[in-house]
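Coordinate analysis (summary)
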Amino acid sequence: LMKKNLKRLRSEQIYSIPVRIIFPLIFLLILFLGLRGRVSFKSPIRWGTAFFSDHAFANQLGLNPVFTLGRSWLDAKNPENAVYNLMDDKEALAMASAALNAGNDPEYPLLRKIIAEGETVKMNVVLILMESMAMKKTGLVEDGKKLTPFIDSLANVSAYWPNFYSAGIHTFNGVYSSLFGMPAPMAKHPMKDMDSQQKFGGIATALKALGYTNYFFTTHDEQFDNMGGFLSNNDYQNIISQKDYNSSEVLSTLGVPDHVQYREALKKMDEAVKQGPFFTAILTGSDHGPYIVPENISFVPRANKTNEKVTEYTDWALQKFFEEIQSKSWGKNTLFIVTGDHGAIIDPVYDMDLSYNHVPFIIHGLPAKKYENLGGQIDIYATIMGALNASYTNNGFGMDLQKEARPCMYFSADDKLGCLDQEYFFIWRKDSDPSLYKYRSKDTQNYYSTHTSRADSLSAYARSMVQSAGSMVRSRKVIK
């Protein structure tokens, strides 16, 4: 009997070992999922995950105060969110106000009321932010890869700006700056931290006031980069993302390929136009690793490298989309805008290489013209409103590129800030000395010591703009 009991006891002990290991692991996994909030691979829970309606108060009620407090504390500890001091806030705002020809509102020094003459032209607006679409991938520059024959041909029959730059080097920079006219805040993520829980205005808000329906399309999880929450808090009525597509069409963590996204966008726009004019912003994802060329389509690549084949595919998909739009009854009454969310490093010359920020900007639907003036993503909002001849309040940093000329253009790469005019490219670095280059000829000689006044002028312009934007966000005075 004793032997039987010992044998049974050993058996129970052996059995209890995996139980004692497995159950705590399961508990820890559940606890981890509870902390993370979501099972989605690309994004944990964000404050925007709680947003479910068009009403800010209802959305705020859905936010857990413990989460909000914890998130605020973590944001404050993140070195990327540290308040940058490029110059004094008041000095920066005064310089930015003067440079933008703003009014004298003491609370909103950048405020400009744009009053258009004549009637508003209520054309539909389709804005394409193409993933990693650097100018060097196109045939629009001498040293381009010539991977985008359709984009090249579109530029020749459209309003086109060859000297155009993305605000930063991340997709979230491209979305934020293109849709809201705000510069990239260096390394800080402008749509995720708790300071972002405020109204920013921008294209959707201005066009909604004119009776436009609006859409935002992304190929992947809408909560990645908190895009869904941030945009829904800023008058985006319809956000179409990975959840809205057939799971069999999802190719990777980047979601569905471009041609599938365009197909869905056409369906939605066909429905929207029955109610009146619409604004559609489309963020593509195919031209980003992991590079996957979709199968069972008519696309035939010419390149040998997979990443270049994918770029060719994105151009092919864009062409098919454009042709479909032009065949629609509403196609001729549509502004079709193409740019990149940012560029890509291709044959770099400088440590802050221009290939990462130099992107195309094309508006089809305006008279064909090549504009040599400098511009950037922060100007898209103002330029669209100008193209529609619409009155609106501009409290951002953009200019109407059809009517105004910038003295220089600025952009960032996390810990670097760049600013260029038609001859010189200035680079401010957080942890090392500044430089001044003659970028047109790819000259790597540093002219800072011999052309200090030119460098200081470019530096002051860029620093005043970025510092002013940070001040406005912190004081919650982005929109009046």
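One can find the structure itself at the top, above this paragraph.
Chains are numbered independently. Their residues run from 1 in the order of the written sequence. A pLDDT threshold of at least 70 governs which residues receive local features in this predicted model, and a stricter bar of 80 or more applies before side-chain atom pairs are shown or counted, although totals over entire chains, interfaces and linings include all residues. Remark: hydrogens and water are excluded; side-chain values derive from all non-hydrogen atoms of the structure.

1. A word on the overall build of the chain
We apply this condition: Only DSSP runs of H or I covering at least 4 residues are called helices, and only runs of E covering at least 2 are called strands; the numbering of each starts at the N terminus. For each residue, the accessible area found with a 1.4 Å probe, counting protein chains only, is set against the maximum for its type, and the residue is called buried under 20%, exposed over 50%, and partly exposed in between. Contacts between residues were defined by any pair of non-hydrogen atoms, one from each residue, lying within 4.5 Å. All accessible-area figures derive from a Shrake-Rupley calculation using a 1.4 Å probe, and residue coverage is judged against the displayed protein chains alone.
Each helix and strand counted, the chain has 12 helices and 16 strands in total. Across the 480 residues that make up the chain, the buried fraction comes to 55%. Intrachain contacts of the chain at a sequence separation of at least 6 include 69% that bridge at least 24 residues. About 21,700 Å² of surface is accessible on the chain, with carbon and sulfur atoms providing 56% of the total.

2. Some details on the sheet that holds strand 5 (residues 213-218)
Test applied: We treat two strands as partners when DSSP finds at least two bridges between them. To get an axis, a line is fitted to the C-alpha atoms, and for a helix only the part in contact is used. The angle between two axes follows their N-to-C directions and goes from 0 to 180 degrees.
Spatial strand order, 6-5-7-2-8-9-3-10: 8 strands in an open sheet with mixed pairing. Two strands lie at the open edges of the sheet, namely strand 6 (238-240) and strand 10 (369-370), each paired on one side alone. Sheet topology note: the strand 8 (residues 334-340)/strand 9 (residues 361-364) ladder contains 4 bridges and is antiparallel. Residue Ile337 lies in a different strand from strand 9, and its bridge partner there is Ile363. The sheet contacts of helix 10 (residues 306-327) involve strand 2 (124-130), strand 7 (278-283), strand 8 and strand 9, and relative to strand 2 the element is tilted by about 175°.

3. Regarding the side chain of Thr383
Put simply, the rule reads: By the criterion applied in these results, polar contacts are pairs of N or O atoms within 3.5 Å in which, for protein atoms, one can donate a hydrogen and the other can accept it, and in which residues neighboring in sequence qualify only through two side-chain atoms.
For Thr383, the location among the structural elements is in helix 11 (residues 380-387). A distance of 3.1 Å separates a polar side-chain atom of Thr383 from the backbone nitrogen of Leu401. Sequence-distant contacts of Thr383, defined by excluding residues within four places in its chain, comprise Trp161, Phe361, Ile363, Met399, Asp400 and Leu401.

4. Let's talk about the pattern of salt bridges
Cut-off, in case you're wondering: Note on definitions: salt bridges are taken to be side-chain nitrogens of Lys or Arg within 4 Å of carboxyl oxygens of Asp or Glu.
As enumerated under the stated definition, the model contains 22 salt bridges in all. With its nearest N and O atoms 3.9 Å apart, the salt bridge here joins Glu423 to Arg454. Linking Glu423 in the loop between strand 14 (416-420) and strand 15 (425-429) with Arg454 in helix 12 (residues 452-474), this pair joins segments that are 31 residues apart in sequence. On the basis of relative accessibility, which here comes to 36%, the residue Glu423 falls in the partly exposed class. Take Arg454: its relative accessible area is 33%, and that puts it in the partly exposed class. One salt-bridge network, held together by shared partners, links Lys136, Asp143 and Lys442.

5. Comments concerning the environment of Glu324
Here Glu324 is to be found in helix 10. Exposure remark for Glu324: the relative accessible area of 39% places this residue in the partly exposed category.

6. Some points on the environment of Leu100
Looking at where Leu100 falls in the secondary structure, it is placed in the loop between helix 4 (89-99) and strand 1 (112-114). A sequence separation of 10 residues divides Leu100 from Leu110, and the C-alpha atoms of the two residues are 7.2 Å apart. Sequence-distant contacts of Leu100, defined by excluding residues within four places in its chain, comprise Leu110, Arg112, Gly396, Phe397, Met399 and Met465.

7. Re the state of the cysteines
To keep things clear, this is the line we draw: The criterion for a disulfide is a pair of cysteine sulfur atoms lying within 2.5 Å.
Applying the stated rule across the entire model yields 0 disulfides. Cys419 supplies the cysteine sulfur nearest to Cys408, a cysteine that is in no disulfide, at a spacing of 3.7 Å. What makes Cys419 buried here is its relative accessible area of 0%.

8. Quick look at the sheet that holds strand 14
Sheet strands line up and pair through hydrogen bonds in the backbone, either parallel or antiparallel. If you trace the 4 strands from one edge of the open sheet to the other, you get 13-14-15-16, paired in antiparallel fashion. Sheet topology places strand 13 (409-412) and strand 16 (435-437) at the edges, where each strand pairs with a single neighbour. In this sheet, adjacent strand axes meet at a mean angle of 15° when their direction is disregarded. Both strand 14 and strand 15 contribute to a ladder of 5 bridges, which runs antiparallel. Across the sheet, the residue bridging to Lys416 is Arg429, located in strand 15. Each of strand 13, strand 14, strand 15 and strand 16 touches helix 12; the most contacted strand, strand 14, lies at about 120° to it.

9. A short note on the packing of aromatic side chains
Heads up, the rule is: Pairing of aromatic rings covers Phe, Tyr and Trp, the last counted by its six-membered ring, and requires centre-to-centre distances within 6.5 Å; plane angles under 30 degrees mean stacked, over 60 mean edge-to-face, and any other angle means tilted. For a ring to carry a charge above it, either NZ of a lysine or CZ of an arginine must fall within 6 Å of the ring centroid while also lying within 35 degrees of the normal to the ring plane.
As enumerated under the stated definition, the model contains 29 aromatic pairs in all. Measuring from centroid to centroid gives 6.0 Å for Tyr215 and Phe217, while their planes differ by 25°, and the two rings are stacked. Within the aromatic cluster, the residues linked to one another by ring pairs are Tyr176, Phe180, Phe200, Phe216, Phe230, Tyr236 and Phe279. We note Lys438 situated over the ring of Tyr447; from NZ or CZ to the ring centre the distance is 4.9 Å.

10. Some words on the packing of helix 5 (residues 149-156) against helix 10
Operational definition: Angle categories: roughly parallel below 35 degrees, roughly antiparallel above 145, roughly perpendicular from 65 to 115, and oblique for all the rest. Gly counts as polar in this scheme, as do all residues outside two lists: the nonpolar Ala, Val, Leu, Ile, Met, Phe, Trp, Tyr, Cys and Pro, and the charged Asp, Glu, Lys and Arg.
It is the contact of helix 5 with helix 10, at a shortest axis distance of 7 Å, that shows an interaxial angle of 50°. The orientation of helix 5 relative to helix 10 falls into the category oblique. Of the residues in helix 10, those in contact with Pro149, Phe150, Ile151 and Leu154 of helix 5 are Asp315, Leu318, Gln319 and Phe322. A breakdown of the residues in the contact of helix 5 with helix 10 according to their chemical character gives 6 nonpolar, 1 polar and 1 charged.

11. A look at the packing of helix 9 (residues 258-272) against helix 10
The axes of two packed helices give the description: the angle between them and the distance between them. Counted only if it meets this: Take the far helix as the reference: if the near one is turned anticlockwise from it by less than a right angle, the crossing is left-handed, and if turned clockwise, right-handed.
At a minimum axis separation of 9 Å, helix 9 and helix 10 run at an interaxial angle of 15°. Judged by the angle between their axes, helix 9 and helix 10 are roughly parallel. Classified by chirality, the crossing of helix 10 by helix 9 is right-handed. Contacts between helix 9 and helix 10 involve Asp258, His259, Tyr262, Ala265, Leu266 and Met269 on the former and, on the latter, Tyr313, Thr314, Trp316, Ala317, Leu318, Phe321, Glu324 and Ile325.

12. Some thoughts on helix 12
The following threshold applies: Here a helix's expected span is defined as the number of its residues, less one, multiplied by 1.5 Å.
The terminal C-alpha atoms of helix 12 lie 32 Å apart, and with 23 residues this matches the ideal 33 Å at 1.5 Å per residue to within 8%. The buried fraction of helix 12 is high, at 17 of 23 residues. Arg476 occupies a position one or two residues after helix 12 and carries a positive phi of about 55°.

Any functional reading would require information beyond the geometric quantities listed.
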